[in-house]
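Results of the structural survey
The lines below spell out each chain.
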Amino acid sequence: MAKREIKFGIIGCGLMGREFASAAARWCHLLNLDFVPKIVGICDANPAMLGWFRDNFDGIKVETADYHDLLNSKDIEAIYCAVPHNLHEQIYIDIVKAGKHLMAEKPFGIDREANRKILDVVNAHPDVLVRCSSEFPFFPGVQRIVKAVGEGRFGRIIEVQAGFLHSSDLDPRKPINWKRRVATNGEYGCMGDLGLHVLHLPLRFGWQPENVRALLSKIVTERPGPDGKPAACETWDNATLACEVSSGGSRFPMILETKRIAPGETNTWYIRIYGTEFSAEFSTKYPKTLRTMTYTPGGAQAWQSEDLGPASAYPGITGGIFEFGFSDSILQMWAAFCDELVNRDNMRQPFRCATPEETARHHDVLTAALASHEYRQVSAVGD
Ligand SMILES: NC(=O)c1ccc[n+]([C@@H]2O[C@H](COP(=O)([O-])OP(=O)(O)OC[C@H]3O[C@@H](n4cnc5c(N)ncnc54)[C@H](O)[C@@H]3O)[C@@H](O)[C@H]2O)c1
């Protein structure tokens, strides 16, 4: 089958830049897709980051430390941009103004003001596809939950709990990096880093919080700096948000956790939705297991656990009994982005990547959370 090549440039060749390139390199994993991403340009301010790409990819035509070189290249149609948060505003705006499709990274602007400026430019360029990375909804168990919400199976929602838990920062010897500095990561701290992952699905389901009560904490206040001397960690380590949601004529609590210091949790993303007729729970801690409970009045309250195979949004070559992992979720997310780029409203399956509008609504929640913690108050979400 002749495949339509989507020629990509990558700006920011660090942790996530490599994840995308690796997904592109194993595109053959996916079945029956008539499009394929091809990496033709790479850009990083640190030239040492380009070597891995050079060693592993044929067909790279532009290598640069200046991202404008990718934007000026006629060979490049789309950009993946994975840079520190303080750079999102300028670089995303320049990418969209150059007419390149953009897969961006969260939090999609270091703060709400930056996010709004990016949204203004995105809205002025409707032909440019802009989406934001959020891969966890592509885990098979989560796809099943998305389907159950779409089918209205939950009855009245009782409560939603969603979280993203990391633990490597428990080690005070871990060196400081840009994610612990307000200037580069932003005032939101852990919420800006992990919050879109947690809010993406609730927002997709129409569960925008009306208000929030936030508890934020700083736990490790100093880490070894580049010279080995203690350097101040300025950002929030942990955040718990208690939100009130009004949807479909009912109100329910939604508890959101974003934590960098959750002892023992390496990269645990979870969602639990409790309803009067159906409840469901998925955590990457048990990546193949979906827990659900169907309830009819007077009936048994019995949870069931189902081990799932790898079936996600896009069919792949993996046998039906084998389990799914993080890099599979990245591959599936990229299939959704490329599918939408090529087929727009006629995507092969209906689950789109996170939209700029969803990032704006997540900024509203995080901004309200900062105010809530500062003034120890219930803060309204939005203007
Ligand atoms: N989707 C996810 O699961 C996920 C996971 C981690 C990080 N992220 C997001 O990805 C983005 C990047 O994070 P990361 O962990 O890959 O960071 P990283 O530090 O590993 O990589 C960032 C790269 O950007 C480069 N860079 C800095 N300034 C630049 C410039 N002006 N031009 C070009 N390159 C420049 C750096 O040299 C570095 O190599 C952030 O927005 C972060 O929140 C997403």
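See the structure printed just above.
I will try to describe carefully the structure that is included in this document. What you are looking at is a predicted structure, and each value in this text was computed from that prediction instead of being measured. (Residues numbered from 1 in each chain as written. Predicted model: local features only at pLDDT ≥ 70, side-chain atom pairs only at ≥ 80, totals over all residues. Heavy atoms only, no water.)

**Looking at the packing of aromatic side chains**
Remark: the centre distance and the inter-plane angle together describe each pair of aromatic rings, the angle taken between the planes. Scanning the entire structure with this criterion turns up 24 aromatic pairs. When the ring of F136 is compared with that of F139, the centres are 6.1 Å apart and the planes differ by 15 degrees; the resulting orientation is stacked. For F136, a relative accessible area of 1% translates into the label buried. Through a chain of ring-to-ring contacts, the aromatic side chains of F136, F139, F164, W269, F282, F324 and F326 assemble into a single cluster. Sitting over the face of the ring of F351, R204 holds its NZ or CZ atom 4.8 Å from the ring centroid. Taking the ring centre of Y270 as reference, the NZ or CZ of R272 above it sits at 4.4 Å. (Phe/Tyr/Trp six-rings, centres within 6.5 Å; stacked < 30°, edge-to-face > 60°. Buried < 20%, exposed > 50% of the residue type's maximum accessible area, 1.4 Å probe, protein only. Lys NZ or Arg CZ within 6 Å of the ring centre and 35° of its normal.)

**Some words on the side chain of H200**
Checked against the element boundaries, H200 lands in helix α8 (residues 190–204). Apart from residues no more than four positions distant in its own chain, H200 is found in contact with S134, P137, F351, R352, C353, A354 and E358. (Helix = DSSP H or I, 4+ residues; strand = E, 2+ residues; numbered from the N terminus. Contact = heavy atoms within 4.5 Å.)

**Regarding the packing of α8 against helix α10 (residues 356–375)**
In the contact formed by α8 and α10, the axes pass within 9 Å of each other and the chain directions differ by 120 degrees. As the angle between them shows, α8 and α10 are arranged oblique. Considering how the two elements wind past one another, α8 and α10 form a crossing that is right-handed. Here α8 contributes M191, G192, G195, L196, L199, H200, L203 and R204 to the contact with α10, which in turn contributes E358, T359, R361, H362, V365, L366, A369 and L370. Tallied by class, the residues present in the contact of α8 with α10 amount to 8 nonpolar, 5 polar and 3 charged. (Axes fitted to C-alpha atoms, helices over the stretch in contact; angles between N-to-C directions. Parallel < 35°, antiparallel > 145°, perpendicular 65-115°, else oblique. Left-handed = near helix turned anticlockwise from the far one by under 90°. Nonpolar A, V, L, I, M, F, W, Y, C, P; charged D, E, K, R; others polar.)

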